[in-house]
Protein chains: 2
Amino acid sequence: MNEHIVKSFEEELNSLTADVARMGGLAEAQIIDAVSSVTRRDATLAEAVVGDIERRSIRLIALRQPMALDLRRTVAAMKISSNLERCGDLARNIAKRALILTGSEPITPLTRSVGRMGKLVASRLKDVLDAYTTSDPERAANVWRRDDEIDEHYNSLFRELLTYMMGDPRTITPGAHLLFIAKNLERIGDHATNIAEIVQFEVTGDDIPVSRPKGETLSS
Amino acid sequence: MNEHIVKSFEEELNSLTADVARMGGLAEAQIIDAVSSVTRRDATLAEAVVGDIERRSIRLIALRQPMALDLRRTVAAMKISSNLERCGDLARNIAKRALILTGSEPITPLTRSVGRMGKLVASRLKDVLDAYTTSDPERAANVWRRDDEIDEHYNSLFRELLTYMMGDPRTITPGAHLLFIAKNLERIGDHATNIAEIVQFEVTGDDIPVSRPKGETLSS
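Source: prediction; values computed, not measured.

### Details of the environment of M166(B)
Here is step 1 of the chain: Relative to the assigned elements, M166(B) resides in helix α6 (residues 147-167).
Here is step 2 of the chain: Given the relative accessible area of 35%, M166(B) is considered partly exposed.
Here is step 3 of the chain: Measuring from C-alpha to C-alpha, the distance between M166(B) and V128(B) comes to 38 Å, with 38 residues separating the pair along the chain.
Here is step 4 of the chain: With sequence-adjacent residues up to four places away left out, M166(B) is seen in contact with P169(A), I172(A) and T173(A).

### Some details on the confidence of the model for chain A
All names here are of chain A.
Here is step 1 of the chain: Across chain A, the average pLDDT comes to 80, with 83% of residues at 70 or higher.
Here is step 2 of the chain: Per-residue pLDDT, averaged within each element of chain A, yields its smallest value for helix α2 (residues 44-64) (71) and its largest for helix α5 (residues 137-145) (94).
Here is step 3 of the chain: Confidence drops under pLDDT 50 across residues 1-5; counting only partners more than four residues distant or on other chains, this segment forms 1 contact.
Here is step 4 of the chain: Of the regions scoring below 50 in pLDDT, residues 38-42 engages in 9 contacts with residues more than four places distant in sequence or in other chains.
Here is step 5 of the chain: What the predictor reports for the complex is a pTM of 0.82 with an ipTM of 0.78.

### Let's talk about the nonpolar core
Here is step 1 of the chain: Counting residues in each nonpolar core, the largest one holds 109 residues, and the members touching the most others are L84(A), L125(A), L84(B) and L125(B).
Here is step 2 of the chain: In this view, L125(A) contacts A27(A), E28(A), I31(A), L84(A), C87(A), A192(A) and I195(A); residues no more than four positions away in its chain are not counted.
Here is step 3 of the chain: Within the second largest apolar cluster, 12 residues are counted, among which are I58(A), A62(A), L71(A) and I58(B).

### A look at helix α6 (residues 147-167) of chain A
Here is step 1 of the chain: Residues of α6(A) that are buried include every one of D147(A), I150(A), D151(A), Y154(A), L157(A), F158(A), L161(A), L162(A) and M165(A), and no others. All buried residues of α6(A) project into a common sector of 130 degrees when viewed along the axis, lining one side. Exposed residues pointing more than 90 degrees away from the buried face of α6(A) are listed as E152(A), R159(A), T163(A) and G167(A).
Here is step 2 of the chain: Those residues of α6(A) hidden inside the fold are in contact with α4 (108-133), α5 and α7 (172-204) of chain A together with α6 and α7 (172-204) of chain B.

### Thoughts on the relation of the copies chain B and chain A
Here is step 1 of the chain: In the superposition of chain B on chain A (RMSD 0.0 Å, axial shift 0.0 Å), the rotation amounts to 180 degrees. The relationship between the two copies is best expressed as a two-fold rotation axis. Within chain B, A62(B) has its C-alpha nearest the rotation axis, a separation of 2.7 Å.
Here is step 2 of the chain: Interface overlap between copies is the fraction of interface residues in one copy that are interface residues in the other; for chain B against chain A it reaches 100%, indicating a shared surface.

### Some remarks on the pattern of salt bridges
All names here are of chain A.
Here is step 1 of the chain: Under the defined criterion, the tally for this structure stands at 18 salt bridges over all chains.
Here is step 2 of the chain: A salt bridge links D130 to K126, with the nearest nitrogen and oxygen atoms 3.0 Å apart. Of the two residues, D130 and K126 both sit in helix α4, 4 residues apart, roughly one turn of that helix.
Here is step 3 of the chain: Classification of K126 by relative accessible area gives partly exposed; the value is 39%.

Cut-off values and rules
Residues numbered from 1 in each chain as written. Chains lettered and ligands numbered in written order. Predicted model: local features only at pLDDT ≥ 70, side-chain atom pairs only at ≥ 80, totals over all residues. Heavy atoms only, no water. Helix = DSSP H or I, 4+ residues; strand = E, 2+ residues; numbered from the N terminus. Buried < 20%, exposed > 50% of the residue type's maximum accessible area, 1.4 Å probe, protein only. Contact = heavy atoms within 4.5 Å. pLDDT = per-residue confidence, 0-100. Core = buried A, V, L, I, M, F, W, Y, C linked by side-chain atoms within 4.5 Å. Arc of directions from axis to C-beta. Least-squares fit on C-alpha atoms with pLDDT ≥ 70 in both. Salt bridge = Lys/Arg side-chain N within 4 Å of Asp/Glu carboxyl O.

Here you go:
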């Protein structure tokens, strides 16, 4: 076979990893934009990319029969892209709700608190994508361990929002949208944690030993 | 090789499909139990099964290099089991919230409305799993087309719940949990729609032509 026509397995795998990282950058930007509510980026692009990554991963597995690390890298690319696709959906949903919020009673202190949570979540996603591109399981484990900070943020926001809504019925509708925005951010945090587990497995072949630090929140 | 030791590809694939169907039955039962709020089934089982299905699917792809329909069947098993795993998580979350609700102000008419939505969603999941086990793309497409009924149910529940919460501040906390329960049911409906798309692709090799009937709701 002509090596100018047939790409090497290593090249194909590297191009897959680069595409996942690019998709990650896109998801990150969507989250930051959504949270600063100035958005309406096109999520269709992210959806097209994930479909393509999946097809290429499956083709690689079927035709090249990778073993061990190569197989883990291929499967990781496929799974991370699917997590990133959902992050993009969640960011898009936040942007839609942010648009609705502009028409209702402002709840300034809580909106700020949601903004802080958004920055925290976006930075965790950035960290875990850096861990992915640098194949750094320690950095991934660090994101994974700190998921409870996001959960605590969400739990306290949930309580504050309900208190606000009880105090002033005009804030019930915007409050409900802020509840869902906070929940979407928490779910993006869960995807960052999933990605951390995938990176850990990809690099070391082992699962993170203890089960994920969730359960205290109503995470779904 | 000894054929009593090495299972045929067809046998492995059938056992994979049977396991996905079994997992589907479990998810269905979890949803029904969660909605009738008498639950606390063990979701750990479902999680163990999905990990196993994924490993076996990837092994099948890597070692047997299936093409065309066989490849689509293997990938479908893996993707459907991942959708079912999330349905199980959502059902478990509904059950937790149902438990919290027993301690608050009852909102009887809306709780009933959530119950009806739960039955609708469970029946759609049942339909699409039947479509999967019988390889019936028409039945799958039917579930897919009717996703907007679930969305409409959710949208009207969202409005009713907010109205209720505005009228009586004591219902704000249980109302917020019911909002999330309704949202979780809507998301289970989305997973049923995803599974419908996967069945369609598995059987025919084609995507459902038009894009999914969503966008009107704030679906994430």
